[in-house]
Amino acid sequence: GPPTRKMIKVTGKKASSKAQPPPTKHTIVTATPQTTSIVYGMQNRAVQGMLDFDFMCKRKKPSVEAMVFPFSGNHYVKFYWGTEEILMPVYTTTKEAVEKHAGASVFVNFASFRSVYETSMEAMTYPSIKTLG
């Protein structure tokens, strides 16, 4: 028949040499049904997918409050919230979006690799933004 393997006896566990990390001021940020975001980049399909997911999860309002697209003027984009049409504001600057939507705590960044660092660092300067995605 097939070979059999025998268990090796362990006679004592080695104590972990790793020390506990020092406490920090960081806190865990948990998304709630009230958490909202600002999306950087004209990613309409991604935003519509987020809104569809929100609606299916029976959220009271969409999780995306606004979008930022620096290559065109301020305007609105139509999305669907279930069967209802909604207009999403699109701003040319992150500063304006954050000022007008202070309740948004998540910044979803679809910037290109050439500008993702700068846009992420800028987003982190605003106290209302707690999470980057």
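Here, the structure is the one placed above.
Residues numbered from 1 in each chain as written. Predicted model: local features only at pLDDT ≥ 70, side-chain atom pairs only at ≥ 80, totals over all residues. Heavy atoms only, no water.

**Observations concerning the pattern of salt bridges**
Inference 1: This model, assessed by the stated rule, comprises three salt bridges.
Inference 2: Residue Glu85 pairs with Lys78 through a salt bridge whose shortest N-O separation is 3.5 Å.
Inference 3: The exposure class of Lys78 is partly exposed, given its relative accessible area of 45%.
Inference 4: A salt bridge links Glu96 to Lys100, with the nearest nitrogen and oxygen atoms 3.1 Å apart. Note that Glu96 and Lys100 are positioned in helix H2 (residues 94–100) at a spacing of four residues, about one turn of the helix. (Salt bridge = Lys/Arg side-chain N within 4 Å of Asp/Glu carboxyl O. Buried < 20%, exposed > 50% of the residue type's maximum accessible area, 1.4 Å probe, protein only. Helix = DSSP H or I, 4+ residues; strand = E, 2+ residues; numbered from the N terminus.)

**Observations concerning the sheet that holds strand S5 (residues 106–109)**
Inference 1: In space, the six strands of this open sheet follow the order S3-S4-S2-S1-S5-S6, with mixed pairing throughout. A strand with exactly one partner marks an edge of an open sheet, and here the two such strands are strand S3 (75–81) and strand S6 (131–132).
Inference 2: Note: S3 against strand S4 (residues 84–91), seven bridges, orientation antiparallel. Across the sheet, the residue bridging to Lys78 is Leu87, located in S4. (Pairing = 2+ DSSP bridges.)

**Digging into the side chain of Thr119**
Inference 1: The topology assignment puts Thr119 in helix H3 (residues 116–123).
Inference 2: On the basis of relative accessible area, Thr119 is assigned to the buried category, the value being 7%.
Inference 3: Separated by 3.1 Å, the side chain of Thr119 and the backbone oxygen of Val116 make a polar contact.
Inference 4: If we ignore the near neighbours within four places in the chain, the residues touching Thr119 are Tyr40, Phe107, Asn109 and Ala111. (Polar contact = N/O pair within 3.5 Å; in protein donor to acceptor, adjacent residues only side chain to side chain. Contact = heavy atoms within 4.5 Å.)

**Digging into the environment of Trp81**
Inference 1: Within the secondary structure, Trp81 is located in strand S3.
Inference 2: On the accessibility criterion, Trp81 (10% relative accessible area) is buried.
Inference 3: A sequence separation of 19 residues divides Trp81 from Pro62, and the C-alpha atoms of the two residues are 7.5 Å apart.

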